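A closer look at the structure
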Amino acid sequence: MKKKTRTAASRRAKRRKAGATGGKPAAQPSSSSRRSAASADAKAEIRRLKSELKQALSRIEELKASANTDFLLEIPNRRGFERLLNRAISYIQRYRAGGALIVVDVDRLKPINDTFGHAAGDQVLKAIVATLSRQIRSSDVIGRLGGDEFALLLWNLTETDAHAKAASLEQAIDGLSFVFDGKTVTTGASAGVALLGPHSDAGRSLEEADCAMYVRKAQRRHEA
């Protein structure tokens, strides 16, 4: 009798449990469905990571470019120019090519800054870069070494041609004039040359051109 009672109670408990689930056992997702969902999630995560990586690499390239570029003049700064000069010398050494390095120092920029403000000085610098750019080929490079000093990397020039180019750069900048607060002001430039060949070194070449520029600056003062 007890056994029958337990059996009846068991049946009633099963019926109550079935009623709570709508009369049917809850459906469980198949293993293939679970694998498909996991795969979709993984692909979505991979796409997200790839997008973030692409953005990060783009930002790194922007930072590298800004580290090697003069913000005001949009030409290589000293660091960027020295990198390009090193590459050029490596090419010259490998292929027995040649070129010239010209360092240009702008005269009378400080008085312009002091008298008319740095906005006037910036205008002068931009005009000088535009003038220098018109004097060189697209394969040549112009960079700002700092302040009022520029450097030009010129390919395949003889010594005679390099000195003639330096003189023409001086003449072009000497011919510039500006009007600030109703006053006309002029500037000038002194240029020094160093030839580039298979035995050149970037640092020594910059020093050589810089020294030649100061010699030329002294000559111009004496001529004045």
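Scroll up to find the structure.
Residues numbered from 1 in each chain as written. Predicted model: local features only at pLDDT ≥ 70, side-chain atom pairs only at ≥ 80, totals over all residues. Heavy atoms only, no water.

**Considering the sheet that holds strand β3 (residues 149–155)**
Strand pairing in a sheet relies on backbone hydrogen bonds, with the paired strands running either antiparallel or parallel. To keep things clear, this is the line we draw: Paired strands, in this sense, are two strands between which DSSP finds at least two bridges. Helix and strand labels come from DSSP, where a helix needs a run of H or I of at least four residues and a strand needs a run of E of at least two; each type is numbered from the N terminus. Think of each axis as a best-fit line through the C-alpha atoms, taken over the contacting stretch in the case of a helix, with angles from 0 to 180 degrees between the N-to-C directions. By definition, residues are in contact when any of their heavy atoms lie within 4.5 Å.
Read across the sheet, four strands follow the order β2-β3-β1-β6 without closing on themselves; strand pairing throughout is antiparallel. Every interior strand has two partners, whereas the edge strands, β2 (141–146) and β6 (188–196), have only one. Going from strand to strand, the sheet's axes swing by 20° on average, the running direction of each strand aside. Pairing analysis gives seven bridges linking strand β1 (residues 99–107) to β3, with the strands arranged antiparallel. Among the inter-strand pairings, L101 is bridged to a residue of β3, identified as L153. Packing of helix α3 (residues 78–95) onto the sheet brings it into contact with β1, β2, β3 and β6, and relative to β3 it is tilted by some 20°. Along the sheet, helix α6 (residues 159–174) makes contact with β1, β3 and β6, crossing β6 at roughly 165°.

**Some points on the environment of A202**
Take A202: it is sitting in helix α7 (residues 202–223). Sequence-wise, A202 and R87 are 115 residues apart; in three dimensions their C-alpha atoms are separated by 9.3 Å. Each residue touching A202, except ones within four places of it in the same chain, is listed here: L85, N86 and I89.

**Description of the packing of aromatic side chains**
Rule in force here: Two rings belonging to Phe, Tyr or Trp (six-membered ring only in the last case) form a pair when the distance between their centres is within 6.5 Å. Interplanar angles under 30 degrees mark stacking, angles over 60 mark edge-to-face geometry, and anything in between is tilted.
Evaluated as defined, the whole model comprises four aromatic pairs. Measuring from centroid to centroid gives 5.7 Å for Y91 and W155, while their planes differ by 85°, and the two rings are edge-to-face. Linking Y91 in helix α3 with W155 in strand β3, this pair joins segments that are 64 residues apart in sequence. Taken together, the ring pairs in this structure connect Y91, Y95 and W155 into an aromatic cluster.

**Description of the layout of surface pockets**
Defined as follows: Only protein atoms enter the 1 Å grid, on which a cavity is a set of points fitting a 1.4 Å probe that cannot get out and a pocket is an open set with protein on both sides within 12 Å along at least 5 of 7 lines, lining residues being those with an atom within 4 Å of a point. Grid points are joined across faces, edges and corners, and a volume is the space filled by probe spheres set on the points. Polarity classes work like this: nonpolar for Ala, Val, Leu, Ile, Met, Phe, Trp, Tyr, Cys and Pro, charged for Asp, Glu, Lys and Arg, and polar for all others, with Gly in that last group.
Of the voids in this model, the largest pocket is the one considered here, and its volume is about 160 Å³. D107, R108, S190, K217, R220, R221, E223 and A224 are the residues that line the largest pocket. When residues of the lining of the largest pocket are assigned to their parent elements, the largest contribution, four residues, is made by α7. Split into classes, the residues belonging to the lining of the largest pocket amount to one nonpolar, one polar and six charged.

**As for helix α4 (residues 109–116)**
Where we set the bar: Residue exposure (1.4 Å probe, protein chains only): buried if accessible area is under 20% of the type maximum, exposed if over 50%, otherwise partly exposed. The directions considered for the arc run from the helix axis to the C-beta atoms.
Regarding α4, the residues found buried are L109, I112, N113 and F116. The arc enclosing the buried residues of α4, seen along the axis, measures out at 105°, which places them on a common side. The exposed set on the far side of α4, more than 90 degrees from its buried face, consists of K110, D114 and T115. Tucked inside the fold, the buried residues of α4 contact β1, α5 (118–134), β4 (177–180) and β5 (183–186). G117 lies just past α4 and shows a positive phi near 100°.

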